[in-house]
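A structural walkthrough
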Amino acid sequence: TGQRQHLNECDSLIGLIMWMPPGQNQSWVSEFILLGFSSDPTSNRILFIVFFLLYLSSVLANGLIVTLICLDTHLHTPMYFFLCILSLLDMGSVTTTMPQMLVHLLAHSQAISFTGCWLQMYMFGTLSVAECILFVIMAYDRYVAICYPLRYTVILNWGLCTRLAAGTWAGGFFSLIHTSLTMRLPYCGPNVVNHYFCEGPSVRSLACMDTHLIEMADLVISVFMLVAPLSLILASYIRIAQAILKIKSTQGRCKAFSTCASHLIVIRPNSSYSPERDKQISLFYNVFTALLNPVVYSLRNKDIKGALLKVMGQEGPGVECPMLRKGTASIT
């Protein structure tokens, strides 16, 4: 019996990977119900106001960063180019989940169609994977800026930056495997998702079959797409730390460290699955991180401040690109 069950699981997994149609005796749900955070109308109205303000602030802050970097030619450098991509990813990630949640907070129905759930899961996964890859590229950018300052513009030329940016977006499509495996499972009964958006483990828990093999495949993908980037980031910052320790002046060390501190602050680990805790952690990483990234990376940056003053019609205090001046980049 155990061997037969194992063979059935293998056949199911092969069918999912090969996009085989579901069995004729299976009934599939046409929509999911997103449970959200509260069922109390008064609490939902309060949450709507809070989340709407957070969402609006996040989009406006990241949109401002993108606009300033595009308008000010002094910011047309690799460091700000990657920062612009990060802001675009943050805007896309928060827009994938928040508008649907805001609608559900005021609507009588919290339903989302099967297709809508598939698209939401895919887009969120794509943007999340792309952001992980981008953090590796940004760590490499800081590594070159600190360890090879005189060759910075030669190594990180615009051709390489363009290819790295394209690789960031292309790498996000790995989430198609995760999404396909999840949404091709048979959902023949319960359709209430204990989350505020279609998140993989929450949806898979409703499947009418043993998802052990799917979880293993998801674990392999997660290890490849999360542990590998974190390892590369760690290796980059070990080399950066070694280079900083060789700097003789205290002021030079502080300036070099400040170019990396903001990057380290926003790197986030992956959370283990627990329905209630996962909702809270996902909300924090999705909304608050997208809001904090512009603050951490940009509002304390004198070049961004100078660009903002120029757009407002005021003279910025010495808006000059340090990379063009000395072959390195500063984020102080």
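Along each chain, residue indices are assigned from 1 in the same order as the chain's sequence is written. Reporting in this predicted model follows two pLDDT cut-offs: at least 70 for local features of residues, and 80 or more for side-chain atom pairs to be given and counted; totals over whole chains, interfaces and linings ignore these cut-offs and use all residues. Each side-chain value is worked out from all heavy atoms of the structure, with water and hydrogens disregarded.

Within an unreviewed UniProt entry, the label attached to the protein reads G-protein coupled receptors family 1 profile domain-containing protein, and the organism entered is Equus caballus. UniProt positions are given in the numbering used here, feature names are shortened, and annotations may be inferred rather than shown by experiment. The UniProt entry for the protein carries this comment under Sequence similarities (unreviewed entry): "Belongs to the G-protein coupled receptor 1 family." UniProt, in the comment section headed Subcellular location (unreviewed entry), describes the protein in these words: "Cell membrane".

Observations concerning the packing of aromatic side chains
Any pair of Phe, Tyr and Trp rings, taking the six-membered ring for Trp, is counted once the centres come within 6.5 Å. Such a pair is stacked with planes under 30 degrees apart, edge-to-face with planes over 60 apart, and tilted for the rest. According to the stated counting rule, one finds 13 aromatic pairs in the structure shown. Where Phe 32 meets Tyr 187, the ring centres are 5.5 Å apart and the plane angle is 90°; that geometry is what we call edge-to-face. Placement of the pair is Phe 32 in strand E1 (residues 31–34) and Tyr 187 in the loop between helix H7 (175–183) and strand E3 (192–193), with a sequence separation of 155 residues. Any residue under 20% of the maximum accessible area for its type is buried, any over 50% is exposed, and the rest in between are partly exposed; the area is computed with a 1.4 Å probe on protein chains only. Residue classification places Tyr 187 among the buried residues on the basis of a relative accessible area of 0%. Judged by centre distance (5.6 Å) and plane angle (25°), the rings of Trp 118 and Tyr 122 are stacked. On the criterion of helical spacing, the pair formed by Trp 118 and Tyr 122 is a turn pair, its members being 4 residues apart in helix H4 (residues 114–147). Each residue in the set Phe 37, Phe 51, Phe 124, Tyr 196 and Phe 197 is aromatic and connected to the rest through ring pairs, giving one cluster. Each helix is a run of DSSP H or I of at least 4 residues and each strand a run of E of at least 2, with the numbering of both proceeding from the N terminus.

Considerations on the sheet that holds E1
By the convention used here, strands pair only if DSSP detects at least 2 bridges between them. Reading across the sheet, the 3 strands line up as E2-E1-E3 and stay open at both edges, with mixed pairing between neighbours. Two strands bound the open sheet, and with one partner strand each, they are strand E2 (111–113) and E3.

Things to note about the state of the cysteines
By disulfide we mean two sulfur atoms from cysteines, separated by a distance within 2.5 Å. Summed over the entire model, instances satisfying the criterion amount to 2 disulfides. Between the sulfur atoms of Cys 117 and its disulfide partner Cys 198 the distance amounts to 2.1 Å. Around the S-S axis, the bridge from Cys 117 to Cys 198 shows a dihedral of about -125° and counts as left-handed. With Cys 117 in helix H4 and Cys 198 in the loop between E3 and helix H8 (200–204), this pair connects stretches of sequence that are 81 residues apart. Assigned by exposure class, Cys 117 and Cys 198 land together as buried. In this model Cys 188 forms its disulfide with Cys 208; the gap between the sulfur atoms is 2.1 Å. Disulfide Cys 188-Cys 208: the torsion about the S-S bond is -135°, which places it as left-handed.

A few points about the nonpolar core
As used here, the term nonpolar core means buried Ala, Val, Leu, Ile, Met, Phe, Trp, Tyr and Cys residues forming a set that is joined through side-chain atoms within 4.5 Å. Core analysis: the largest hydrophobic core is formed by 38 residues, its most contacted members being Ile 69, Tyr 80, Phe 82, Leu 134 and Ile 304. Broken down by element, the residue count for this core peaks at 12 residues, all from H4. One finds Leu 34, Met 183, Val 193 and Ile 214 within the second-largest nonpolar core, a separate group that totals 17 residues.

Let's talk about helix H6 (residues 158–171)
Its 14 residues give H6 an end-to-end C-alpha distance of 20 Å, which sits within 8% of 20 Å, the value for a rise of 1.5 Å per residue. Pairing of N or O atoms within 3.5 Å defines a polar contact, subject to two protein rules: one partner must be a possible hydrogen donor and the other a possible acceptor, and residues neighboring in sequence count only if both atoms are side-chain atoms. Between the side-chain oxygen at the start of H6 and the backbone nitrogen of Gly 159 there is a gap of 3.1 Å, and the oxygen is on Asn 157. Every helix has an expected span of 1.5 Å times one less than the residues it contains.

Some remarks on the UniProt feature "transmembrane region" (unreviewed entry) in the protein
Here, UniProt's "transmembrane region" (unreviewed entry) annotation points to residues 46–71, 78–98, 118–140, 152–177 and 219–238. Secondary structure content for residues 46–71 is 100% helix and 0% strand, and the end C-alpha separation is 37 Å.

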